[in-house]
Amino acid sequence: MKFDVLTLFPEMFELLNQSIIGKAIEKDLIDIKLINIRDFSKDKHKKVDDTPYGGGAGMIMKPDVVYDAYQSVKDENAKVIYMSPQGKPLNQKKVEELSKENHLIILCGHYEGIDQRVLDKIVDEEISIGDYVLTGGEIPAMVLIDSVSRYVKGVLKEDSIKEESFSNGLLEYPQYTRPEVFEGMKVPEVLLSGHHENIEKWRKEKSLEMTKKKRPDILK
Ligand code: 4G1
């Protein structure tokens, strides 16, 4: 899976060189190319933004600079995603759908956003990670890359994907590890029993109970 990220802050993506995603990059299971939009400024001061027509606070990213950055990675078979608070909400269904693509080009806005004309010209899909104000689309892009990469073959151990919460539409059951007693609290007896059917039954019940209590909104 190939991710090309168009951003003014490529250094922010160094976070992804850690842990499971870092390993996946080392193993060439995923390829993350960072394109610094500023490199495509024709201006001698490397200007990438300007004041909004019609007035108002802040700066808008210039369409020609963003377009030239896009042209440098353009691929007819790629899907171009703009991380935007106006996008469709990212959920596990969308993540699974995107994981079927071979090449994603991810555009990150900064400041007050990007001139609408270049968005109209190049963007296939707008995606949002949630309803709150951020300073840029970089963290949302990392959320997307992390969540989609988990579905790429070889990134996780074969059985880890199915086990996860949400794949069955429910939250995860509670988990325990050693010690058997912590601050006077025992691990549920059934988990020590070695009785796999009973354990599975208990986990299913707990998943349902947790979801009803904590996230009734996701219960269909
Ligand atoms: C109005 C949140 C503006 C933000 C209303 C989730 C947020 C990208 C996302 C904003 C961004 C609300 C996202 C806001 C995001 C231009 C650069 C847009 C940063 C920008 C609720 C600032 N998921 N936000 N505007 O945050 O890019 O993907």
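Because the structure is a prediction, the values reported are computed rather than measured.

What counts as what
Residues numbered from 1 in each chain as written. Predicted model: local features only at pLDDT ≥ 70, side-chain atom pairs only at ≥ 80, totals over all residues. Heavy atoms only, no water. Pairing = 2+ DSSP bridges. Helix = DSSP H or I, 4+ residues; strand = E, 2+ residues; numbered from the N terminus. Right-handed = clockwise from strand over helix to strand, strands pointing away. Contact = heavy atoms within 4.5 Å. Near = heavy atom within 4 Å. Polar contact = N/O pair within 3.5 Å; in protein donor to acceptor, adjacent residues only side chain to side chain. Areas by Shrake-Rupley, 256 points an atom, 1.4 Å probe, with all protein chains shown as cover. Salt bridge = Lys/Arg side-chain N within 4 Å of Asp/Glu carboxyl O. Buried < 20%, exposed > 50% of the residue type's maximum accessible area, 1.4 Å probe, protein only. Core = buried A, V, L, I, M, F, W, Y, C linked by side-chain atoms within 4.5 Å. Arc of directions from axis to C-beta. Expected span 1.5 Å × (residues − 1).

*Asks:* Where do I start with the pairing of strand E2 (residues 31–36) in this structure?
*Replies:* Successive residues of a regular strand alternate their side chains across the two faces of the sheet. Pairing analysis gives six bridges linking strand E1 (residues 2–7) to E2, with the strands arranged parallel. Looking at the pairing, Val5 lines up with Leu34 of E2. Traced from E1 through helix H1 (residues 19–26) to E2, the parallel crossover comes out right-handed.

*Asks:* What should I look at first to understand the environment of Gly113 in this one?
*Replies:* You can see Gly113 is positioned in the loop between strand E6 (103–108) and helix H4 (116–122). Distance in space between the C-alpha atoms of Gly113 and Thr135 is 9.6 Å, their sequence separation being 22 residues. When near neighbours in sequence (up to four residues on either side) are disregarded, Gly113 contacts Met59, Ile60, Met61 and Tyr82.

*Asks:* How should I be thinking about the site of the ligand in this particular structure?
*Replies:* The immediate surroundings of the ligand are formed by 18 residues, with Ser84, Ile129, Tyr132, Val133 and Leu134 found nearest. Residue Ser84 places a main-chain N or O atom 3.2 Å away from an oxygen atom belonging to the ligand. One of the backbone nitrogen or oxygen atoms of Ile129 is found 3.0 Å away from a nitrogen atom of the ligand. Burial of the ligand by the surrounding chains reaches 78%, relative to a free accessible area of 560 Å². When contributions to the shell around the ligand are tallied by element, the ones reaching two or more residues are strand E5 (79–89) and strand E7 (125–128). With three residues, the top contributor of residues to the shell around the ligand is E5.

*Asks:* Help me understand the pattern of salt bridges in this model?
*Replies:* Oppositely charged side chains are able to pair whenever their charged atoms sit close together. Scanning the entire structure with this criterion turns up 13 salt bridges. Two residues, Lys153 and Glu158, come together in a salt bridge whose shortest N-O distance is 3.5 Å. Judged by relative accessible area, Lys153 falls into the exposed class, the value being 65%.

*Asks:* Help me understand the nonpolar core in this model?
*Replies:* Across soluble globular proteins, nonpolar side chains show a tendency to be buried alongside one another. In terms of nonpolar packing, the biggest core is built from 27 residues, with Phe3, Phe13, Ile30, Ile32, Ile106, Leu144 and Ile145 touching the most fellow members. Of all the elements, helix H5 (residues 138–149) adds the most residues to this core, at five residues. Setting aside residues up to four positions removed in sequence, Phe3 forms contacts with Ile30, Asp31, Ile32, Lys33, Leu104, Ile106, Ile145, Val148 and Ser149. Counting residues in each nonpolar core, the second largest holds 21 residues, with Tyr82, Val118, Ile122 and Val123 among its members.

*Asks:* Is there a simple way to think about the side chain of Ser128 in this case?
*Replies:* In this fold, Ser128 is placed in strand E7. With sequence-adjacent residues up to four places away left out, Ser128 is seen in contact with Ser84, Pro85, Gly87, Lys88, Pro89 and Leu90.

*Asks:* Would you mind showing me how to read the environment of Lys121 here?
*Replies:* Counting through the fold element by element, Lys121 comes out in helix H4. Residues Lys121 and Asp39 lie 82 residues apart in sequence; the distance between their C-alpha atoms is 20 Å.

*Asks:* Help me understand H1, please; the structure alone is not making it clear to me.
*Replies:* For the α-helix, the turn length of 3.6 residues means that residues three or four positions removed from each other point alike. All of the buried residues in H1 are Ile21, Gly22 and Ala24. Within H1, the buried residues cover an arc of 160° as seen down the axis, which keeps them to one side. Across H1 from its buried face, at more than 90 degrees, point the exposed residues Ser19 and Glu26. Once H1 ends, the next one or two residues include Asp28, with phi positive near 60°.

*Asks:* How should H5 be read in this particular structure?
*Replies:* Relative to the 16 Å expected for 12 residues at 1.5 Å per residue, H5 spans 16 Å between its end C-alpha atoms, a close match to the ideal helical length. Extensive coverage of H5 is indicated by the burial of nine of its 12 residues. Here H5 has its buried residues at Glu138, Pro140, Ala141, Met142, Leu144, Ile145, Ser147, Val148 and Ser149.

*Asks:* What's the story with unusual backbone geometry in this structure? I'm lost.
*Replies:* Note: most peptide bonds trans; most residues except glycine with negative phi. Pro179 follows Arg178 through a cis peptide bond whose omega is 10°. Considering the arrangement of structural elements, one finds Pro179 in the loop between helix H6 (160–163) and strand E8 (181–182). Of note in this structure, Asp28 is not a glycine but carries a positive phi near 60°. Checked against the element boundaries, Asp28 lands in the loop between H1 and E2. For Asp28, a relative accessible area of 68% corresponds to the exposed category. A positive phi angle, near 50°, is found at Glu183, a position not held by glycine. Locating Glu183 in the fold gives a position in the loop between E8 and strand E9 (185–186). Given the relative accessible area of 69%, Glu183 is considered exposed.

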